[in-house]
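Spelled out, the chains give:
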Amino acid sequence: MPHLLSYPSAASIAVSTTSVAPYTGKHHYLYPLLSRLAPLLPPSEFSFHRVCTLFSYAGRRSISCIAMADRDTVTGTRTSIRSNVARKQALISLSDKQDLDILGRGLQELGYSIISTGGTAKALEQAGITVIKVEEVTSFQEMLDGRVKTLHPNIHGGILARRDHDHHMKALNDRGIGTFDIVVVNLYPFYEKVTSSSGVTFEDGIENIDIGGHTLIRAAAKNHMDVLVVVDPKDYSSLIEFLRRKEDNQQFRRELAWKAFQHATSFDSAVSEWLWKQTSQGKFPPSLTMPLTMKSTLRYGENPHQKAAFYNDTCLSVVNAGGIGTAIQHHGKEMSYNNYLDADAAWNCVSEFQRPTCVVVKHANPCGVASREDILNAYRLAVKADPVSAFGGIVAFNTIIDEDLAKEIREFRNPTDGETRMFYEIVVAPNYTEKGLEILRGKSKNLRILEAKKTEKGIFSLRQVCGGWLAQDSDELVPDDIEFKVKSDRSPQENELSDAQFAWLCAKHVKSNAIVIAKNSCMLGMGSGQPNRLESLRIAFRKAGDEAKGAALASDAFFPFAWNDAVEEACRNGIGVIAEPGGSIRDGDVVDCCNKYGVSLLFTDVRHFRH
């Protein structure tokens, strides 16, 4: 009757090319068989590795131990073994076992033998799917707590061999190694482990660095012309359909290979970032790899002739860090390239304020900002600051939008004519009541309604230039972090100091050269993006009008000139207090000019350029 054969480890038995050493271990019943095999095979064909491999596969196929009387019989047995080894084979080793049963049944129905490891093999068996465990292929039990499991020539030889290279196939045939047609692997949950809210020890982080799976993925992806490699459960159905069609689509194979390398690269990027943080050698590593995952293609870029897409940043440093990139869209048209930029500017600005605040943004500049305990009043004042610019802009709040605020957003009329309903591209807030969301949805089918989490501090800021990237800390200073030093003879009143701080915080979010005029925690006017500071100042005064008298003025950088220039013009227009960084060689002229007109002057020692 047939015997199921297994073979002891290399340390347990020694085989020469002409004879077999006596063996009395638990596999002693193999000794007579090996003794009869040795003289029947030429020396080049008989080795421990070869016999071990043949018996491993023969064991699974129930090869008879009886019919071995002569060379022809032995040759016939070897041919039979090789025939079985040449069967279609799929290797599956998964950390994420989503839809594993569907994949296993699909492959089994198509006639594939499934080789698998540990937990994956157990899950397949529980699903009623026949599995060959990887140690039966390698004749080698896993070791070092699972660190060495699939790192074996019987596995990687079967993956890496090129089918169109005769010498590759001969090498496999000489060693009784079968080929793998499919490799399905995904990696340890390293990313999830090291970003867990409960934290992770250094040792646990190290143990979640995948080696075997990573090697399988790269090997299969390299040899994708012969081996299909799958790392994403979403591709299981496409794989099965591809196999059923029996077509040679190299494009499909290349796409899977690309995805495999990308999967491995993203994993390595997370490991690299995490290890760098363990070294405490500074914020800027000598090299960076940024893992980005496409969230969506966009209708177009900044202009209709430019194609565009949005990518989520999956760096460890931005996990749960909030911001527009991870916002939930509850309603409206798909986000555009410019929508993302404007919404980001609005959300970053409104998130800086402690009191209930509304910010209106147009072309990435805040054109209206107001803080009030009554958020409805803050909204009206923010729009009033520049209703022309606010129309078609983005409106952001740092408070929940309830039914009353939603009605106000929906019904509020343009202050310029009192009739036209205000139109917005986007509304963004940290939360909405159910009724508030329902009302806003009724304003327009196109209105994009975003729910965003406040952006955390400490985020690495990157910006692309042609041929490189600029990296810096985010500008996170707020008025409480700095000292507003009085440089003039006249000290500001308490309300004037508060207005100066409010204007300074607004100016931080305005494109340079930036001037902001504010009073009573409300922006009255701003000038932005002008090549000279005087022109920005004049634009701000034109928007503020008569309300500028007694107000605060903030500048993102120092004034290079005072007399017959921006500072004197501001003083003549009735400004009560000026806040600026200082640092000009003509700071003395600025002080003298403010003293002449009785204006309070505050130096912050902090510049807020924004390009």
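Preceding this paragraph is the structure being described.
Computed from a predicted structure; not experimentally measured.

Pairing is parallel in the open sheet, where 5 strands are placed in the order β3-β2-β1-β4-β5. The two strands at the open ends of the sheet, each matched to only one other strand, are β3 (132–133) and β5 (228–230). Relative to strand β4 (residues 182–185), strand β1 (residues 89–93) runs parallel, the two sharing 4 bridges. Counterpart to A90 in the pairing with β4 is I182.

Considering all chains together, one arrives at 25 salt bridges under this definition. Between D164 and R162 there is a salt bridge; the shortest N-O distance is 2.9 Å. Relative accessible area serves as the criterion here: at 28%, R162 is assigned to the partly exposed category. A salt bridge links K259 to D232, with the nearest nitrogen and oxygen atoms 3.0 Å apart. Residue K259 is located in helix α13 (residues 250–279), and its partner D232 is located in the loop between β5 and α12 (236–245); the two are separated by 27 residues in the primary sequence. Under the relative-accessibility criterion, K259 is labelled partly exposed at 26%.

Another point: the layout of surface pockets. Counted as a void, the second largest pocket has a volume near 990 Å³. Around the second largest pocket sit 30 residues that line it, and D232, Q262, H263, S266 and T293 are the ones nearest its centre. Looking at the lining of the second largest pocket, the elements that each hand over two or more residues are α9 (190–194), α13 and β6 (292–298). Examining the composition of the lining of the second largest pocket, we find that 8 residues originate from one element, α13, more than from any other. Class assignment of the residues belonging to the lining of the second largest pocket gives a composition of 16 nonpolar, 8 polar and 6 charged.

It is worth spelling out helix α18 (residues 434–441) at this point. Looking at α18, one finds that the buried residues are G436, L437, I439 and L440. Looking straight down α18, one finds that the buried residues subtend no more than 165° of arc, so they occupy a single side. As for α18, its buried residues are in contact with β8 (328–331), α17 (403–411), β12 (424–429) and β13 (448–451).

Rules used throughout
- Residues numbered from 1 in each chain as written.
- Predicted model: local features only at pLDDT ≥ 70, side-chain atom pairs only at ≥ 80, totals over all residues.
- Heavy atoms only, no water.
- Pairing = 2+ DSSP bridges.
- Helix = DSSP H or I, 4+ residues; strand = E, 2+ residues; numbered from the N terminus.
- Salt bridge = Lys/Arg side-chain N within 4 Å of Asp/Glu carboxyl O.
- Buried < 20%, exposed > 50% of the residue type's maximum accessible area, 1.4 Å probe, protein only.
- 1 Å grid on protein atoms, 1.4 Å probe; cavity = no way out; pocket = protein on both sides within 12 Å on 5 of 7 lines; lining within 4 Å.
- Points joined across faces, edges and corners; volume = space filled by probe spheres on them.
- Nonpolar A, V, L, I, M, F, W, Y, C, P; charged D, E, K, R; others polar.
- Arc of directions from axis to C-beta.
- Contact = heavy atoms within 4.5 Å.

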